[in-house]
Amino acid sequence: MFKWRTEDFSWVDFTIDVLRVLIVLAVIIGSWNTLSSGRISFAQWVNLFIAGLSQGSIYALIALGYTLVYGILLMINFAHGEVFMAGAFSTVFLAEALNRTGFLNTQPMLSIILMILFAGLISMTVAILLERIAYRPLRGSPRLVPLITAIGASFFLQYTFRGLYGSGFKAYPQVKVLQGTVPIGAINIPTVQIFVFVSALFLMLGLHWLVERTRVGKAMRAVSENKEVARLMGIDIDWVIMFTFGVGGFLAGSAGVINGLFRPQGVNFFMGFIPGIKAFTAAVLGGIGNIPGAMLGGLFLGVIEAIGPNLVLAGLGIPGANQLKDVIAFTMLVLVLIFRPQGILGERLSEQKA
Amino acid sequence: MEAGKKGLKKILVSNGMTKRFSGLVAVDNLDFYIPEGAIASIIGPNGAGKTTFFNCVTGFYQIDDGELMFDGTRLNGKTPDQITRSGIARTFQNIRLFNNMSAIENIMVGQEPHLKSTWLGSILGLPSTRREDEESEDRGRELLQFVGLEGKGDMLSKNLSYGDQRRLEIGRALASRPKLILLDEPTAGMNPRETIETTDFIRRLRDELDITVVLIEHDMRVVMDISEHITVLDYGRKIAEGLPEDIQRNPDVIEAYLGSGAAAAQAAI
Amino acid sequence: MDLIRSQTWRANLTLGLLAGALILYCGAIGMIAAFDEREVVNDFISVGRLVLLATPFIVGYMAANRVKSAGGETITALVSGIVTGVLIALPSIILLLFNSDEFRFLLDWSLRLTPFVAATVVAWRMHGDSADTRLLVGTWLLVAVLLGIVLGSLALIFDVKGELRSVLVNINRDWVDVITFDNRGDLLMGIVTYGGMSLGSGLAGSIFYFFPRTPRRALTYGLGVTIVVGAFGETVRLVLQENLERDTLNTLFRRDTLRQSAALALFIISTVVGFLWAMYGQQVRKSVHNMDGSQRRTTRLISTLIFVAILLMLPWLIGRTLSDVAVTIGLFVLMGLGLNIAIGLAGLLDLGYVTNYAVGAYILAVLTSIGPLGLFKGTFTFWMVIPLALLAAMFAGFMFAVPVLRMRGDYLAIATLGFGEIIGKLAISDWLKPIIGGAQGVQAIQKPVFFGAELRNPEQLYYIVLVACLVTLFVSIRLNNSRTGRQWMAIREDEDVATAMGIDTARAKLLAFTLSAATGGVAGAIFAAKVGSVFPNSFTVFISINVLSLIIVGGIASNPGIVVGAIVLIGLPELLREFSDFRFLLYGALLIGMMINRPQGLIPSQIATHEIRSGVQAKAGAGG
């Protein structure tokens, strides 16, 4: 709200403008080179796009946790990535057990639902404990205090799970039903990607129903609008905040399982850190505090991350462009924070509540 | 009408000044002036746009329409630091001191517009930098004495009493050696004795330091007691302007404060 | 009276159970077993077991204290010591039972029954007195189903996978050995031993509470000294090795641990010293206090001289291994002082500080390496590159600061974190591989040469780091008390008002980022020279978190705090190698704990101390 240096020349603005121009140029040149060289066929683009959507729906599920908490407490729960890890890492053992009994492949749907519930509940517990122990005593302190606490909590959780389950990498077992592809027109889409997208969609619809249609959802919205008024209306604020953390945790945990089916490898104690930052990017992209925004932001980020390296970086002649997928995502993060901190659906001005 | 000591010169003038917040017009086409050397007050009911007006003058908000002139220069588009450098200082309704800095440090930050030393000079300990630091501290101590905080310079400002914090905030504003000082509810939350002390203090500002004072105030006794020029705002518009006696009798003002019935009753008498 | 007592009892029971849960947690993450590797006294007690015994002792003491201050009987206090001692052992003993083959069925049964029991308890407590049976049944079903899913799944996992160890890797033989005090073969015996030990320490703790003050202090001092010396036996031996004959050393130590006789002697001596101090310490302090000006000045001068002498002689006093640790600590002090400009003074939470470290290291590597990636093959020397590294880091700090200047505090933190990650990914990528070597990094970095002598040992590098630290400290103190420092603090406290005071905040923030980056670059360059090669894996977010933690723990904006923070957070894990696996666990816990309980840090910045001394409560610390 406090605008400054609007009419006078400002070299900060100037530098940022230069940056903007450079990025637009890079994107245009890169895309032009790639498209004109025709290295990647249309079908391949579509496949990348769909893979991006599936990955993005996982980001979206995690991003919802950031957004829900931010909407209510105006704090960035930096440890949310670790909540995701807690569910994903714990459920590996359940998946292995189910696989060994053969149940996973005879009753895949039931097993997956059980796994999602298990992971969701574990993550939910972690998120609620986190709120209760680390964040609740800090309500009302300056913004950076809960953020530093959250960073501490993030590392604490990582190394707790490292201690509990060991530091090695684990992998989800393969589910036979989800192997193979589904032909749609001329394009073959991996079944697992469709599964990921659809199940994420279901969970998001569930959240939408919870927030819009139930009494507790109404209470959540009330608390996020104005805590004092909500308190006067007889809403138990502490309970609502705990519930919000719980819901965010549940979504993150289920995202952990879905992610495990999509990318079975690489399950370990550090697996939550990068997806955590990316999901935060998604939440900011959509406008933090905004639930549909987080969903859109997640999908958008997933697609950019899938297409960006091949389209822009490869076009600029950078070798090993797909190694730089994360760089694209983090660059997105920084760019959004610079140019549009209120996000795509940013009706809620970010500084209004600052 | 003209009530300032020096009489005719207008130090702050606005022509058709307008400020909107997404549809809501907080300050509406305001024509307005403050005579130089006066103690002027802006009054009006809650939400009349008084603090918004302060924020526009000090550059916290950019005005959407109109023109704002201070001492012959245009303020439109200037940033808060530039405006402070041009000679306007302010205090805040909810005291905004630098809490974890000592009182003297608060004052020394207030002297910013007159400081010249650089970081390199400080690291190297150049004589000019040292001299400036010493002078700045000496002047700061004098100022502390002037606002009645002698001996409290090394306390963290958050540990000062409420009244001392108000005084320190005024001191910090004075440190920039302004020509015009804007005080946002300087007596809010004070008991009657403190209020009288503060009013006397505001008179000293003008009489001893020759600073034009503009205040936003809710306490009508303070306003009528101290002001030489009053502007009344309601819903962002100016509804009256002039000497305290005129304002007291103005039917529009009474209406704005008490509702239309009261105005009618007043008129009947 | 009864109410007070019942509250006291409840508080003590909670305390006991919490401590028990903590012991269980430490066991489950492998801390206790890891610490068992390190003996405090040879063939007598290890750090792991000391934790098992010290916890009930301390809690027993606290419990007795609580009972006594609530006006309870002495006997009640002693009983509470015993009860808490048992409670502390309880969780671990239960897990021990679950883990054993004979009592495995207990685990299965409790996993299967808990949902029903818990559901009944919860439903009853929430809605037991309401007439609405639907609510009661509904709550019961909800809790039973939710808990049933989790615990049922756990039962399934353990059923299929067999031992607990296949999931919880640290519930293994080592842990059982420590918990049962080496009675793995006879479980019952083990449980009785551990339970008895814990009970005994709890009782001992509560008895200790009733000791008169002077012997209590003396004993605490004696025990403390013996434990610290014993736990850091390896370090102490390394220090003594520089100054003592080998034979004398061997009478004191067996390999790296204190011999029993030596420990006993140390305990007796330190207790006697502690006793003397407790008796006469007050007088000594008073006489120091009563010294007149000139006397005090001489004492201060002498202590400063001794301190400087120790700083200068340190490498000779502590030997090579510890000098290496000292260099690492020094590098982090350097970075801490730098980052403190951004975080402590200007309130800018920069989580991408590792960027500057990496820039410094890679600049030095590329310019001085004589390997294939070296650009100039030895034309540049260490001394020429240090200023370049400094400038390059400042430039990087500047460039990364411009885009984030307008951001709000928490967004700024995340954006800088993003920068750090981008740099990390770029360093390891194929794209920059021709320049900085990708995952293989840059090798064959030349050692600094000082007047013809190659500085290849940590003892020599120590001086470089020392000088860098002192210079930084000097600059930091100068800036702290300058106009620039006050501008930064004003921005930290309230950016809008700082602008209104006439401060060009963009400029001031940019300066803070740039200057703060400088020391990071120097630290990176020295690090590269020390190691002799540079890998991208050395430059992860963990470096940033390390530096952040030491600033927060030591005290935001406090220079002595940063030094202490670096010694505690960087030095201790290096010295207690068993500890290094749990380093970030500790950092995380410390960050949370400090933010909640002591936001001003261990050694608060001077202004806060001043306030505390003058009797005014200064609670929350700076900016944070």
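Residues numbered from 1 in each chain as written. Chains lettered and ligands numbered in written order. Predicted model: local features only at pLDDT ≥ 70, side-chain atom pairs only at ≥ 80, totals over all residues. Heavy atoms only, no water.

1. Brief notes about the overall build of chain C
Scanning chain C for helices and strands turns up 25 helices and 6 strands. Dimensions of chain C, computed from the C-alpha atoms along their principal axes, are close to 80 × 65 × 55 Å. Buried positions account for 53% of the 624 residues belonging to chain C. Within chain C, contacts between residues at least 6 apart in sequence are counted, and of these 73% link residues at least 24 apart. With an accessible surface of roughly 28200 Å², chain C has 67% of that area assigned to carbon and sulfur atoms. Within chain C, one finds 47 positive and 39 negative side-chain charges whose respective centroids are separated by 7 Å. (Helix = DSSP H or I, 4+ residues; strand = E, 2+ residues; numbered from the N terminus. Buried < 20%, exposed > 50% of the residue type's maximum accessible area, 1.4 Å probe, protein only. Contact = heavy atoms within 4.5 Å. Areas by Shrake-Rupley, 256 points an atom, 1.4 Å probe, with all protein chains shown as cover. Lys, Arg positive; Asp, Glu negative; His and termini not counted. Charge placed at Lys NZ, Arg CZ, Asp CG, Glu CD.)

2. Let's talk about the sheet that holds strand E10 (residues 237-242) of chain B
All names here are of chain B. Read from one edge of the open sheet, 6 strands run E6-E7-E8-E3-E9-E10, paired in mixed fashion. Edge positions in the sheet fall to strand E6 (88-90) and E10, since each has one partner strand and no second. Strand-to-strand, the axes of this sheet are offset by a mean angle of 20°, without reference to chain direction. Here strand E9 (residues 229-234) pairs with E10 via 5 bridges, running antiparallel. When the bridges of E10 are listed, Asp-234 appears paired with Arg-237. (Pairing = 2+ DSSP bridges. Axes fitted to C-alpha atoms, helices over the stretch in contact; angles between N-to-C directions.)

3. Re the domain arrangement of chain B
Residues and elements named next belong to chain B. When the domains of chain B are assigned, the result is domain 1 (1-87 + 178-269) and domain 2 (97-175). Listed per partner, the contact involves 18 residues of domain 1 and 11 residues of domain 2. Interface of domain 1 and domain 2: buried area, both sides summed, is about 1200 Å²; carbon and sulfur atoms make up 69% of it. Its salt-bridge partner being Glu-197, residue Arg-167 comes within 3.9 Å of it at the nearest N-O pair. If you look at where domain 1 meets domain 2, you find 1 residue pair in polar contact (both at pLDDT 80 or more). Going through the elements one at a time, helix H2 (80-85), strand E7 (180-184) and helix H7 (192-209) are the ones with two or more residues in the side of domain 1 that touches domain 2. Residue contributions to the side of domain 1 that touches domain 2 peak at 6 residues, all from H7. The residue inventory of the side of domain 1 that touches domain 2, partitioned by class, reads 10 nonpolar, 2 polar and 6 charged. (Domains from an automatic or database assignment. Buried area = accessible area lost by both parts, 1.4 Å probe. Salt bridge = Lys/Arg side-chain N within 4 Å of Asp/Glu carboxyl O. Polar contact = N/O pair within 3.5 Å; in protein donor to acceptor, adjacent residues only side chain to side chain. Nonpolar A, V, L, I, M, F, W, Y, C, P; charged D, E, K, R; others polar.)

4. Observations regarding the interface of chain C and chain A
Contacts between the two partners involve 63 residues from chain C and, on the opposite side, 72 residues from chain A. Here chain C and chain A share an interface that buries about 6200 Å² over both sides, 78% of which is from carbon and sulfur atoms. Ranking the residues of chain C by area buried against chain A places Arg-406, Tyr-411 and Ile-414 of chain C at the top, with a combined share of 12%. On the surface where chain C and chain A come into contact, there are 3 salt bridges. At the junction of chain C with chain A, the criterion picks out 5 residue pairs in polar contact (both at pLDDT 80 or more).

5. Considerations on the domain arrangement of chain C
Here the domain parsing of chain C yields domain 1 (2-210), domain 2 (214-280) and domain 3 (320-540). One C-alpha centre belongs to domain 1 of chain C, the other to domain 3 of chain C; they are set 47 Å apart.

6. Looking at a nonpolar patch on the surface
Residues and elements named next belong to chain C. Together, Ile-302, Ile-306, Phe-307, Val-308, Ile-310, Leu-312, Met-313, Trp-316 and Leu-317 make up a nonpolar patch on the protein surface, roughly 890 Å² of accessible area in all. Residue placement: Leu-312 occurs in helix H13 (residues 293-345). With a relative accessible area of 45%, Leu-312 lands in the partly exposed category. (Patch = residues over 30% accessible without salt bridge, like charges linked within 9 Å, V, L, I, M, F, W, Y side chains within 5 Å.)

7. A short note on the packing of aromatic side chains
Counted by the stated rule, this structure contains 39 aromatic pairs over all chains. Both rings, one in Phe-146 of chain B and one in Phe-201 of chain B, keep their centres 5.8 Å apart while their planes meet at 50°; by these two values the pair is tilted. With Phe-146 of chain B in helix H5 (residues 127-146) and Phe-201 of chain B in helix H7, this residue pair connects regions lying 55 residues apart in the sequence. With a relative accessible area of 8%, Phe-201 of chain B lands in the buried category. When the centroid spacing of 6.1 Å and the interplanar angle of 35° are considered together, the rings of Phe-116 of chain C and Trp-140 of chain C count as tilted. Placement of Phe-116 of chain C in helix H5 (residues 104-127) and of Trp-140 of chain C in helix H6 (residues 133-161) is noted, with a sequence separation of 24 residues between them. For Phe-116 of chain C, a relative accessible area of 44% corresponds to the partly exposed category. The exposure class assigned to Trp-140 of chain C is partly exposed, which follows from its relative accessible area of 27%. (Phe/Tyr/Trp six-rings, centres within 6.5 Å; stacked < 30°, edge-to-face > 60°.)

8. A short note on the pairing of strand E4 (residues 65-70) of chain B
Consecutive side chains of a regular strand alternate in pointing toward one face of the sheet and then the other. Residues and elements named next belong to chain B. As paired elements, strand E1 (residues 10-21) and E4 share 5 bridges and run antiparallel to each other. When the bridges of E4 are listed, Leu-12 appears paired with Phe-70. Linking E4 back to strand E5 (residues 73-74) in an antiparallel pair, the connection comprises 2 residues, with Asp-71 at a positive phi of about 55°.

9. Regarding the environment of Pro-108 of chain A
All names here are of chain A. For Pro-108, the location among the structural elements is in helix H5 (residues 108-135). Sequence separation of Pro-108 and Ile-58 is 50 residues, and the distance between their C-alpha atoms is 20 Å. Not counting residues up to four positions away in its chain, the partners in contact with Pro-108 are Phe-103, Val-175 and Val-177.

10. Some thoughts on the side chain of Glu-493 of chain C
Residue and element names in this part refer to chain C. With respect to the helices and strands, Glu-493 occurs in helix H19 (residues 483-493). On the basis of relative accessibility, which here comes to 19%, the residue Glu-493 falls in the buried class. At a separation of 3.1 Å, a polar atom in the side chain of Glu-493 contacts the side chain of Arg-492.

11. Quick notes on the pattern of salt bridges
Between side chains of opposite charge, a pair can form as their charged atoms come close. Applying the stated criterion across every chain yields a total of 40 salt bridges over all chains. For Glu-96 of chain A, the salt bridge is made with Lys-161 of chain C, and the minimal N-O distance between the two is 2.5 Å. Of this pair, Glu-96 of chain A sits in helix H3 (residues 80-101) while Lys-161 of chain C is found in helix H6, placing the two residues in two different chains. For Glu-228 of chain A, the salt bridge goes to Arg-231 of chain A, with nearest N and O atoms at 3.8 Å. Taken as a pair, Glu-228 of chain A and Arg-231 of chain A lie in helix H9 (residues 227-232) at a separation of 3 residues, close to a single helical turn.

12. Brief notes about the sheet that holds strand E2 (residues 24-35) of chain B
All names here are of chain B. In spatial order, the strands read E2-E1-E4-E5; together these 4 strands make up an open sheet with antiparallel pairing. Edge positions in the open sheet fall to E2 and E5, since each of these has one partner strand only. As paired strands, E4 and E5 are joined by 2 bridges and run antiparallel to one another. Bridging from a neighbouring strand, Met-69 pairs with Arg-74 of E5. On the sheet, helix H1 (residues 50-57) packs against E1, E2 and E4 and is oriented at approximately 110° with respect to E1.

13. Some details on the packing of helix H22 (residues 541-554) of chain C against helix H23 (residues 559-575) of chain C
All names here are of chain C. Axis separation between H22 and H23 bottoms out at 7 Å; the angle between their running directions is 120°. Overall, the two elements H22 and H23 adopt an arrangement that is oblique. For H22 against H23, the interelement crossing comes out right-handed. Residues Asn-546, Ser-549, Leu-550, Ile-551, Val-553 and Gly-554 of H22 lie in contact with H23, whose contacting residues are Gly-561, Ile-562, Gly-565, Ala-566, Leu-569 and Ile-570. Grouping the amino acids of the contact of H22 with H23 by side-chain chemistry returns 7 nonpolar, 5 polar and no charged. (Parallel < 35°, antiparallel > 145°, perpendicular 65-115°, else oblique. Left-handed = near helix turned anticlockwise from the far one by under 90°.)

14. Quick look at the environment of Ile-88 of chain C
Residues and elements named next belong to chain C. Tracing the chain through its elements places Ile-88 in helix H4 (residues 74-99). Residue class for Ile-88 comes out buried when judged on its relative accessible area of 0%. For the pair Ile-88 and Ile-23, spaced 65 residues apart in sequence, the C-alpha separation works out to 7.4 Å. Residues contacting Ile-88, with those up to four places away along its chain left out, are Gly-16, Ala-19, Gly-20, Ile-23, Thr-55, Pro-56, Val-59, Tyr-194 and Ser-198.

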